[in-house]
Amino acid sequence: MDANAVAELAPDERRALFDRDAGIAAIESDVADIVDRVREEGDVALREYAEEFDDTTVGSLDVTDAAERAYDEIDDDLRDAIETAAANIREFHERQIPADWRESFDGRELGRRYRPIERVGAYVPGGSAAYPSSALMTVVPAKVAGVEQVAVATPPADEINPATLAALHVAGADAIYQAGGAQAIAALAYGTETVPRVQKIVGPGNRWVTAAKAAVRNDCEIDFLAGPSEICVLADETADPRFVASDLLAQAEHDPNASVVVVTDDEALARRIVAEVEDRLAGREREDTIREALENDASGVFHARSMSEAVLFCEEYAAEHLSIQAAEDEALLDRIPSAGSAFLGPHSPVAAGDYAAGPNHVLPTGGHAKVAGGLSVDSFLRSTTVQRLDSDALDAIGDTVTTLAAAEGLEAHAESVALRLRESENAARDPDQLRE
């Protein structure tokens, strides 16, 4: 990893940085086959894929009861950490619950109401690492929103990680199934003999999970297509290069395809950050993964000619995690509309948000923060607009409606209004007349 100038980026280097994707195109056909087979064969396919992909023989797919046992068996420190993180996440998401409302607009009583989706599926990754944090981040906001049935799929194992199971118990998952990858998404989307069909699927996963979510989204709602983890750090001369380097390493250890980027208007700081990364990397358990992430084309340390150029870089990058370690962090944040989650100041590492600060860590990647936000209570709600018009209110907009309906050639639309207006006129002339 070297320090490079933003102004000297070649077109192909810019594309690698700013046109990131989830890497699913190459596996779409294979994923379609998996989805079709699960749809047709149900539990049989899930068990055979567990043998093939997870090297695990699955007895019961339903492991809901194991979650409560895991909660009782884990050590006290881990239990307390899970409880604390869950409480913080719950408290933050409770602030997001919208209130139903009705107001009068010159006789038009208009409003909006919110109701939870009934059945949601959450995917919680497993495999080489345990993710109790993702268990909390997906299930807690769903339950806060009032979702009646939250079904969780997590990869099978001879022993599913007890921390993940305990977190699912604390979060309030209603059912837990050991199924992973594309096959788990297919099971949630279409249902099997054991796994219930859900209305929406949320949660992070590898590219097989992401490709499967893309494959089923015409039949089942999804949150969004998330790719590998990413961070963009905006720093000035006040930033501590040790802190910046530690944040880069933390995100890089997720995945060899993770994108980790720093941009600063201080060239000397850029060089110090590169040196700190190298000093802190050697000997880490996931050193190989981190090195791959640091060296991929979507990662780098960059120096800009001005803070304005650095800000433009950050906005174009539209990071999943935006860390601003600079003196004027609030003012800089105001200039960067596009980010999944923003971390301000030297004492707000992304890892705090990953686990326990409260905001959700299931966030848009690949530049999709330009058009979407992360998982929230809103993700589990549907809204209904409500309208009640009295005769005077209908009369006030009657000509507007009939004129527009006529312009669109929709005669029956216009007549449905005109009929009521005529009836109101007749009633006004003779209140005692009988109408059929």
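If you look the protein chain up in an unreviewed UniProt entry, it shows as Histidinol dehydrogenase from Halococcus salifodinae DSM 8989. In its Pathway (unreviewed entry) section, the UniProt record describing the protein chain reads: "Amino-acid biosynthesis; L-histidine biosynthesis; L-histidine from 5-phospho-alpha-D-ribose 1-diphosphate: step 9/9." Per its UniProt entry, the protein chain bears the Catalytic activity (unreviewed entry) comment "L-histidinol + 2 NAD(+) + H2O = L-histidine + 2 NADH + 3 H(+)".

## Re the domain arrangement of the protein chain
A common way to report how large an interface is uses the accessible area buried once the components associate. Each domain of the protein chain was delimited in the assignment, giving domain 1 (3-22 + 228-358), domain 2 (27-225 + 379-383) and domain 3 (390-430). The gap between the C-alpha centroids of domain 1 and domain 3 is 59 Å.

## Thoughts on the side chain of K213
Position of K213 relative to the elements: it lies in helix α9 (residues 207-216). Using a relative accessible area of 3% as the deciding quantity, one classes K213 as buried. Once residues within four sequence positions are removed from consideration, K213 is found in contact with I185, I201, V202, G203, I222, D223, F224 and L225.

## Details of the UniProt feature "binding site: Zn(2+)" (unreviewed entry) in the protein chain
Residues given the UniProt feature "binding site: Zn(2+)" (unreviewed entry) here are Q251, H254, D354 and H413. Across 163 residues, the annotated set is spatially dispersed, with a maximum C-alpha separation of 56.1 Å. By secondary structure assignment, the location of Q251 is in helix α10 (residues 241-252). With respect to the secondary-structure elements, D354 resides in helix α15 (residues 350-355). Of the residues examined, D354 reaches a relative accessible area of 10% and is grouped as buried. Dropping the residues within four chain positions of it, D354 is found in contact with S133, M137, Q251, H254, H321 and H361. In this structure the side chain of D354 is engaged in a polar contact, spanning 3.3 Å, whose partner is the side chain of Q251.

What counts, and where the lines are drawn
- Residues numbered from 1 in each chain as written.
- Predicted model: local features only at pLDDT ≥ 70, side-chain atom pairs only at ≥ 80, totals over all residues.
- Heavy atoms only, no water.
- UniProt positions renumbered as here; feature names shortened; annotations may be inferred.
- Domains from an automatic or database assignment.
- Helix = DSSP H or I, 4+ residues; strand = E, 2+ residues; numbered from the N terminus.
- Buried < 20%, exposed > 50% of the residue type's maximum accessible area, 1.4 Å probe, protein only.
- Contact = heavy atoms within 4.5 Å.
- Polar contact = N/O pair within 3.5 Å; in protein donor to acceptor, adjacent residues only side chain to side chain.

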